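# Structural overview
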Amino acid sequence: MNIESADTFQARVARHAALADPARLRIMDLLTLGDFSPSELQAELGMPANLLSHHLRTLEEAGLATRHRSEADKRRSYLRLATGALDGLAPGATHAASRVLFVCTRNSARSQLATALWRQVSDIPAASAGTHPADRIARGAVETARRHGLDLPDIAPRTLEAVADGADLVVTVCDNAHEELTGLCGIHWSVPDPLRLDTAAAFDATFNDIAHRINDLAPRITAA
């Protein structure tokens, strides 16, 4: 019985073949948490650059990972899971945290939305902060939250130093903050800055990106 096209079948074969390699499976486990640059993956895995490049190319060709340029350092790129790449295959709970701290540069949009979205799906506390906080939450973030029925508390942006605790699971949600906070252990989500375009569509795209990531991450975090 022919239940799928030859192209679909071959794509599925390629995915399974790519995941059969221990190094590539480890890379995919890391990407289920957040986005990594090739240099960060190399440091994490202790792998020569040429071998890592081979594994990343295999994952991209199999449709399991995608790559895009950093908004901060244009010479840098980040790998992330392709949409639906691991449906039904993602690993289980892997982290314990007493609080999740979402960080972006201005603490005016992405980190605020992420905190509010997290509180909808997890009992683990969440907070947000910025490396260089703005004076107020971006109007576009407030309007987007309202359109999606999200309760976005009117909390003034705060500095990372004023909010951070050593026990936090830190999730950076912008490239500038991630690349500024070198050596910081945590998770990175390379989410484009909606204020660059400052349109409703840009904010909706950011909202949907963060919501998707949070729905994937929350089941994997247990209370410390």
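Let me sum up the structure you'll find in this document. (Residues numbered from 1 in each chain as written. Predicted model: local features only at pLDDT ≥ 70, side-chain atom pairs only at ≥ 80, totals over all residues. Heavy atoms only, no water.)

This part covers the side chain of threonine 32. Tracing the backbone through its elements, the reader meets threonine 32 in the loop between helix H2 (22–31) and helix H3 (38–45). Residue classification places threonine 32 among the buried positions, given a relative accessible area of 12%. A polar side-chain atom of threonine 32 sits 2.5 Å from a polar atom in the side chain of arginine 220. (Helix = DSSP H or I, 4+ residues; strand = E, 2+ residues; numbered from the N terminus. Buried < 20%, exposed > 50% of the residue type's maximum accessible area, 1.4 Å probe, protein only. Polar contact = N/O pair within 3.5 Å; in protein donor to acceptor, adjacent residues only side chain to side chain.)

Take the packing of aromatic side chains next. Per the stated rule, a full pass over the model turns up two aromatic pairs. Taking 6.0 Å as the distance between ring centres and 45° as the angle between the ring planes, the aromatic pair formed by phenylalanine 102 and tryptophan 189 counts as tilted. Of the two residues, phenylalanine 102 is situated in strand E4 (residues 100–104) and tryptophan 189 in the loop between strand E7 (187–188) and helix H9 (200–217); the sequence distance between them amounts to 87 residues. By way of ring pairs, the aromatic residues Phe102, Trp118 and Trp189 are connected into one cluster. (Phe/Tyr/Trp six-rings, centres within 6.5 Å; stacked < 30°, edge-to-face > 60°.)

Another aspect to go through is the sheet that holds E4. In space, the four strands of this open sheet follow the order E5-E4-E6-E7, with parallel pairing throughout. Here the strands that pair on one side only, and so sit at the sheet edges, are strand E5 (126–130) and E7. Two elements, E4 and E5, share five bridges in a ladder whose sense is parallel. From the neighbouring strand, leucine 101 faces E5, where its bridge partner is alanine 127. (Pairing = 2+ DSSP bridges.)

So, on to the pairing of E4. With respect to burial, E4 is a largely interior element, five of its five residues being buried. Here E4 shows two buried faces, one formed by Val100, Phe102 and Cys104 and the other by Leu101 and Val103. Remark: the E4/helix H5 (residues 110–121)/E5 crossover connection has right-handed handedness. Of the strand pairs in this sheet, E4 and strand E6 (residues 169–172) are connected by four bridges, and their pairing is parallel. The residue bridging phenylalanine 102 from the neighbouring strand is valine 171, located in E6. (Right-handed = clockwise from strand over helix to strand, strands pointing away.)

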